[in-house]
Amino acid sequence: MSAIRNSVRTGFFGRAFAVLGAANAVSAAVEAGRRPRANDLKELGIDPASFGHTSR
């Protein structure tokens, strides 16, 4: 049974839950006016150094 748990944790479902968790954490931080954690931004494929620098 642990092989199934490990495959879920490192496979598609584990990755999907990690991305959803990171998206939730980044969203909550932005709504609260805080800077999101670099780890969460990296999980979403966003460069932490360039976060917050928008050009219009």
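Report on the accompanying structure. (Residues numbered from 1 in each chain as written. Predicted model: local features only at pLDDT ≥ 70, side-chain atom pairs only at ≥ 80, totals over all residues. Heavy atoms only, no water.)

What about the overall build of the protein chain?
The following threshold applies: Put simply, DSSP H or I for four residues or longer makes a helix, DSSP E for two residues or longer makes a strand, and each gets a number counted from the N terminus. The buried label goes to any residue with under 20% of its type's maximum accessible area, the exposed label to any with over 50%, and the partly exposed label to all in between, with areas taken from a 1.4 Å probe on protein chains only. Residue exposure ignores everything except the shown protein chains as possible cover, and the areas themselves are Shrake-Rupley values with a 1.4 Å probe.
Of the regular secondary structure elements, the protein chain holds 3 helices and 0 strands. Secondary structure elements of the protein chain occur, N-terminal to C-terminal, as α-α-α. Sorting the 56 residues of the protein chain into buried and exposed places 14% on the buried side. Accessible surface computed for the protein chain: about 4600 Å², of which carbon and sulfur atoms make up 58%.

Some details on helix α2 (residues 12-31)
Here is the rule: Helices are assigned an expected span. That span is 1.5 Å times one less than the residue count. Working note: the arc is built from the helix axis to C-beta atom directions.
When the terminal C-alpha atoms of α2 are compared, their 28 Å separation across 20 residues agrees well with the 28 Å that a helix rising 1.5 Å per residue should span. Taken as a whole, α2 has its buried residues at G14, A22, V26 and A29. Projected down its long axis, α2 carries its buried residues within an arc of 100°, all on one side. Across from the buried face of α2, at angles greater than 90 degrees, the exposed residues are F12, F13, F17, L20, N24 and E31. G33 lies just past α2 and shows a positive phi near 80°.

Let's talk about the side chain of D40
How we decide: Contacts were defined at the residue level, with two residues in contact if any of their heavy atoms lie within 4.5 Å.
Inspection of the secondary structure assignment puts D40 in helix α3 (residues 38-43). Take D40: its relative accessible area is 11%, and that puts it in the buried class. If near-sequence neighbours (up to four positions away) are discounted, D40 is found in contact with A22, A25 and V26.

Quick notes on the pattern of salt bridges
For clarity, the threshold we go by: We count a salt bridge whenever a side-chain nitrogen from Lys or Arg sits within 4 Å of a carboxyl oxygen from Asp or Glu.
Inspection of every chain in the model, using the stated rule, returns 2 salt bridges. E43 serves as the salt-bridge partner of R15, at 2.1 Å between the closest nitrogen and oxygen. Of this pair, R15 sits in helix α2 while E43 sits in helix α3; the two residues are 28 residues apart in sequence, bridging distant segments of the chain.

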